[in-house]
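Residue-level structure breakdown
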Amino acid sequence: MYDENGSLRAVIGRQPDGTSGITALNGPRPPAPSSPQVEPVLGGVHGAISARRSVSIRYQGAG
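My aim in this report is to walk through the structure given alongside it, one point at a time. Model, not experiment: these values are computed from the prediction.

So, about the overall build of the protein chain. For the protein chain, the helix and strand inventory stands at zero helices and five strands. Mapped in sequence order, the helices and strands of the protein chain form the string β-β-β-β-β. Taken over the C-alpha trace, the protein chain has a radius of gyration of 21 Å; the compact-globule value for 63 residues is 11 Å, which it surpasses by more than 25%. The principal-axis extents of the C-alpha atoms in the protein chain amount to approximately 60 × 30 × 15 Å. Expressed as a percentage of its 63 residues, the buried residues of the protein chain come to 6%. In the protein chain, of all internal contacts separated by at least 6 residues, the share reaching a separation of at least 24 is 0%. Accessible surface for the protein chain amounts to roughly 5800 Å². Of this, 57% is attributable to carbon and sulfur atoms. Between the averaged position of the 6 positive side-chain charges in the protein chain and that of its 4 negative side-chain charges there is a distance of 8 Å.

Here it is in structure tokens:
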């Protein structure tokens, strides 16, 4: 798929790896990721990558 200036913007259909799909090309630069934030919690840690993504890891002890 080309834009009005003739620049390739997307590949639709068969991809170089043999799968089918849509791959966007020459789009705007993605935003820089924020620094991850990790804080200790009782028995583990809690980390946040962004306001929408977080993870908690708990230690269950030797098993």
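By the definition in use, this model includes one salt bridge. A salt bridge links Arg 9 to Asp 3, with the nearest nitrogen and oxygen atoms 3.0 Å apart. Look at Asp 3 and you get buried, because its relative accessible area is 18%.

Each value, and the rule that gives it
- Residues numbered from 1 in each chain as written.
- Predicted model: local features only at pLDDT ≥ 70, side-chain atom pairs only at ≥ 80, totals over all residues.
- Heavy atoms only, no water.
- Helix = DSSP H or I, 4+ residues; strand = E, 2+ residues; numbered from the N terminus.
- Rg over C-alpha atoms; globule rule 2.2 N^0.38 Å.
- Buried < 20%, exposed > 50% of the residue type's maximum accessible area, 1.4 Å probe, protein only.
- Contact = heavy atoms within 4.5 Å.
- Areas by Shrake-Rupley, 256 points an atom, 1.4 Å probe, with all protein chains shown as cover.
- Lys, Arg positive; Asp, Glu negative; His and termini not counted.
- Charge placed at Lys NZ, Arg CZ, Asp CG, Glu CD.
- Salt bridge = Lys/Arg side-chain N within 4 Å of Asp/Glu carboxyl O.

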